[in-house]
Amino acid sequence: MNTAADTPLSSTPPLLDEIRALLDDPTLRDDPLHAPLTRLYALACDQHERMARLIRISDGYHGWSQSRAEDLNAQFDRHVRRLEKLARISDRYQNSLREVSESLREASITDALTGLRNRRYLMERLREESGLGKRSAQVYALAMVDVDRFKAINDRFGHETGDVVLHRIAGALHGAIREYDICGRWGGEEFLLILPGTRLADGRELIERVHAQIRHLSIDAGPGYGIQVSISTGLTEYRPGEAPTHTLARADAALLQAKESGRDRVVAI
Ligand SMILES: Nc1nc2c(ncn2[C@@H]2O[C@H](COP(=O)(O)OP(=O)(O)OP(=O)(O)O)[C@@H](O)[C@H]2O)c(=O)[nH]1
C-alpha cells in the first residue's frame, strides 16, 4: 500500500504548478479559457488538499493502530511469560508439598528404631485385611513375636545393645517374609506379622524358618562376644467375620502359651 512518503500529496503536483504558471502569465489573461481554467484549478487544489488531509489522517491511524497492536502483543507475551513462571512455581510448590506429606505419612507409620511399620500402621492393615476377609472369605495368618528374656539382655549389656538386638531381629523378620506380607513392631520387644492369604500350616512353616534364622544370629556385644537370642511366637488364623481385636487376642493367648511352655517356640491356635 502506498503511503504519504510514496505519493507526496503534501506538495502540489507538477501539473497544478504548470496550470498555475499559465494562469499567472499576463499574456494569457484575456484568453477565453482563463476563467474556466481558474475555476478548474481551484477545484483541483481543493480536492488535492482534501486528499492530502485524508491520507494524513489514515497514515496517523495506521501508525497508531500498528504501535497499539505491537503494545498488545508485547503485553500478551509478558502475561504469558508471567503465567508460565507462576505455573512453574506452583508445580514446584505442589511437588514439595507432596514430598513433605509423603514423608510425613511415611514417618507416621514407621517405627524409628527398627525402620519397620509401627503399631498404627499394623492396626490399619489388620482392619483392612479383616474387612477383606469378611467380604471375600479370604483368611490371613497373624503372628505375634516376642524376644525371649530381653530384660536380661538389657540388664547385662545395656539398653543400647538391647536396641541393636531389636534392630537385628527386625531385619531377620523383614528378610524372611514375602513381598505382600506385613511386618511391624507392635511395641517394646514385640513384633507382629500379618500374612495375607496364608493358612495356619503355611504360616507356621514360615515362622519356624524365622525362628531358626534368629537362633543362628550372633549379635556383637563387645570384643569377641556375640549374643544369642531366641523368640517366642503366638500364631493364629483370621476367622471370617470376626473383629481384628479377636484375632489379636488369640495370637496373644498363643504367645503366652509359648512363653509358659518354655519359650523359643511357635504355638498355633
Ligand atoms: N533396649 C530396649 N529395650 C526395650 C525397648 N522397649 C522395651 N524394652 C525392654 O524390654 C524388656 C521387656 O522385658 P519383659 O517384659 O520382662 O520380658 P522379657 O525379659 O523379654 O521376658 P519374657 O518376655 O518373659 O521372655 C524391658 O526391660 C523393657 O525395658 C526398647 O525400645 N529398647
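Calculation rules
Residues numbered from 1 in each chain as written. Predicted model: local features only at pLDDT ≥ 70, side-chain atom pairs only at ≥ 80, totals over all residues. UniProt positions renumbered as here; feature names shortened; annotations may be inferred. Pairing = 2+ DSSP bridges. Helix = DSSP H or I, 4+ residues; strand = E, 2+ residues; numbered from the N terminus. Axes fitted to C-alpha atoms, helices over the stretch in contact; angles between N-to-C directions. Contact = placed C-beta atoms within 7 Å. Near = placed C-beta within 6 Å. Nonpolar A, V, L, I, M, F, W, Y, C, P; charged D, E, K, R; others polar. Buried ≥ 20, exposed ≤ 12 C-beta atoms within 10 Å, placed from the backbone. Domains from an automatic or database assignment.

Labelled according to an unreviewed UniProt entry, the chain appears under the name diguanylate cyclase, originating from Thauera chlorobenzoica. As recorded by UniProt, the Catalytic activity (unreviewed entry) comment attached to the chain reads in full: "2 GTP = 3',3'-c-di-GMP + 2 diphosphate".

Caption draft 1: Spatial organisation of the sheet that holds strand β6 (residues 231-237). Spatially, 5 strands are ordered β2-β3-β1-β6-β7 in an open sheet, and the strand pairing comes out mixed. Every interior strand has two partners, whereas the edge strands, β2 (182-187) and β7 (266-268), have only one. Within the sheet, the average angular offset between the axes of one strand and its neighbour, ignoring direction, is 20 degrees. Pairing geometry for β2 and strand β3 (residues 190-196), over 5 bridges, is antiparallel. In the strand pairing of β3, Gly184 is matched with Leu192. Each of β1 (140-147), β2 and β3 touches helix α3 (residues 119-136); the most contacted strand, β2, lies at about 130 degrees to it.

Caption draft 2: Structural view of the site of the ligand. Close to the ligand lie 17 residues; Asp148, Phe150, Lys151, Gly162 and Gly188 are nearest. Listed by contribution, the elements that provide at least two residues to the shell around the ligand are β1, α4 (150-157) and α5 (159-176). Each residue belonging to the shell around the ligand can be placed in one class, and the counts come to 5 nonpolar, 4 polar and 8 charged.

Caption draft 3: Summary view of the pairing of β3. Counted residue by residue, β3 has 5 buried out of 7 residues, so it is predominantly covered. Pairing of β1 with β3 involves 7 bridges; the strand directions are antiparallel. Directly across from Leu142, in β3, lies its bridge partner Ile194. Hairpin connection of β2 to β3: 2 residues between the antiparallel strands, including Gly188 at a positive phi of 50 degrees.

Caption draft 4: The arrangement of the environment of Arg178 in detail. In this structure, Arg178 sits in the loop between α5 and β2. Classification of Arg178 by C-beta neighbours within 10 Å gives exposed; the count is 10. A sequence separation of 102 residues divides Arg178 from Phe76, and the C-alpha atoms of the two residues are 58 Å apart.

Caption draft 5: Expanded view of the domain arrangement of the chain. Each domain of the chain was delimited in the assignment, giving domain 1 (1-108) and domain 2 (119-268). Taking only C-alpha atoms into account, the centre of domain 1 sits 85 Å from that of domain 2.

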